[in-house]
Amino acid sequence: MIKHINNSRYKALIDWLKTARIEQGLSVRDLGKLLDEPHQFVVKVETCERKLNVFEYVQYCEALKLDSKKGIDKLNVRQK
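Here goes a summary of the coordinates provided. The structure presented is a predicted model; accordingly, all values stated were derived computationally and were not measured.

1. Regarding the overall build of the chain
Then step 1. Along the chain, the regular secondary structure elements total five helices and zero strands.
Then step 2. The principal-axis extents of the C-alpha atoms in the chain amount to approximately 35 × 25 × 20 Å.
Then step 3. Taken over 80 residues, the chain has a buried fraction of 34%.
Then step 4. Partitioning the intrachain contacts of the chain with sequence separation of at least 6 by distance along the chain shows that 63% fall at a separation of at least 24.
Then step 5. Total accessible area computed for the chain in this model is approximately 5,700 Å², and 52% of it derives from carbon and sulfur atoms.
Then step 6. If the 16 positive side-chain charges of the chain are averaged to one point and the 11 negative ones to another, these points end up 6 Å apart.

Structure below.
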């Protein structure tokens, strides 16, 4: 079981979330407001200083209007 956040698959997931935020023209402060969290939360997630739990991940996706299942596919070991 991989428990650290420096795993390449986890990093790909976070990069996907960050790219979506940037493409939507949202600042870290904007996303923080949507999540009802301080902007530092977003910064720490995007720099892999803090790991998202599954509930936070789903809320993050909802705030960015993303399909959380697509992100989970980035973690799938058996990608085709």
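2. Focus: the side chain of Glu-56
Then step 1. Mapped onto the elements of the fold, Glu-56 is located in helix α4 (residues 54-63).
Then step 2. On the accessibility criterion, Glu-56 (17% relative accessible area) is buried.
Then step 3. One polar contact links Glu-56 to Arg-50, side chain to side chain, over a distance of 2.8 Å.
Then step 4. If sequence neighbours within four positions are ignored, Glu-56 has contacts with Phe-41, Arg-50 and Lys-51.

3. Structural notes on the environment of Leu-75
Then step 1. If you trace the backbone, Leu-75 turns up in the segment after α5 (68-73).
Then step 2. For Leu-75, a relative accessible area of 29% corresponds to the partly exposed category.
Then step 3. The spacing of Leu-75 and Tyr-10 is 65 residues in sequence and 6.6 Å in space, taken between C-alpha atoms.
Then step 4. Those residues within four positions of Leu-75 in sequence are excluded, and the remaining contacts are Arg-9, Tyr-10 and Leu-13.

4. Remarks on the packing of helix α2 (residues 28-35) against helix α3 (residues 39-46)
Then step 1. The contact between α2 and α3 brings their axes to 7 Å, and the two run at 110°. Viewed along their axes, α2 and α3 adopt a mutual orientation that is roughly perpendicular. Relative to α3, α2 is oriented so that their crossing is right-handed. Residue-level inspection shows Val-28, Arg-29, Leu-31, Gly-32 and Leu-35 of α2 in contact with α3, the latter providing His-39, Phe-41, Val-42, Val-43 and Glu-46.

5. Regarding the nonpolar core
Then step 1. Counting 21 residues, the largest nonpolar core has Leu-17, Leu-52 and Tyr-60 as its most contacted members.
Then step 2. Within the residue set of this core, elements represented by two or more residues are α1 (8-23), α2, α3 and α4.
Then step 3. The element best represented in this core is α1, accounting for six residues.
Then step 4. Not counting chain neighbours up to four residues away, the residues in contact with Leu-52 comprise Tyr-10, Ile-14, Leu-17, Phe-41, Val-45, Tyr-57 and Tyr-60.

What counts as what
Residues numbered from 1 in each chain as written. Predicted model: local features only at pLDDT ≥ 70, side-chain atom pairs only at ≥ 80, totals over all residues. Heavy atoms only, no water. Helix = DSSP H or I, 4+ residues; strand = E, 2+ residues; numbered from the N terminus. Buried < 20%, exposed > 50% of the residue type's maximum accessible area, 1.4 Å probe, protein only. Contact = heavy atoms within 4.5 Å. Areas by Shrake-Rupley, 256 points an atom, 1.4 Å probe, with all protein chains shown as cover. Lys, Arg positive; Asp, Glu negative; His and termini not counted. Charge placed at Lys NZ, Arg CZ, Asp CG, Glu CD. Polar contact = N/O pair within 3.5 Å; in protein donor to acceptor, adjacent residues only side chain to side chain. Axes fitted to C-alpha atoms, helices over the stretch in contact; angles between N-to-C directions. Parallel < 35°, antiparallel > 145°, perpendicular 65-115°, else oblique. Left-handed = near helix turned anticlockwise from the far one by under 90°. Core = buried A, V, L, I, M, F, W, Y, C linked by side-chain atoms within 4.5 Å.

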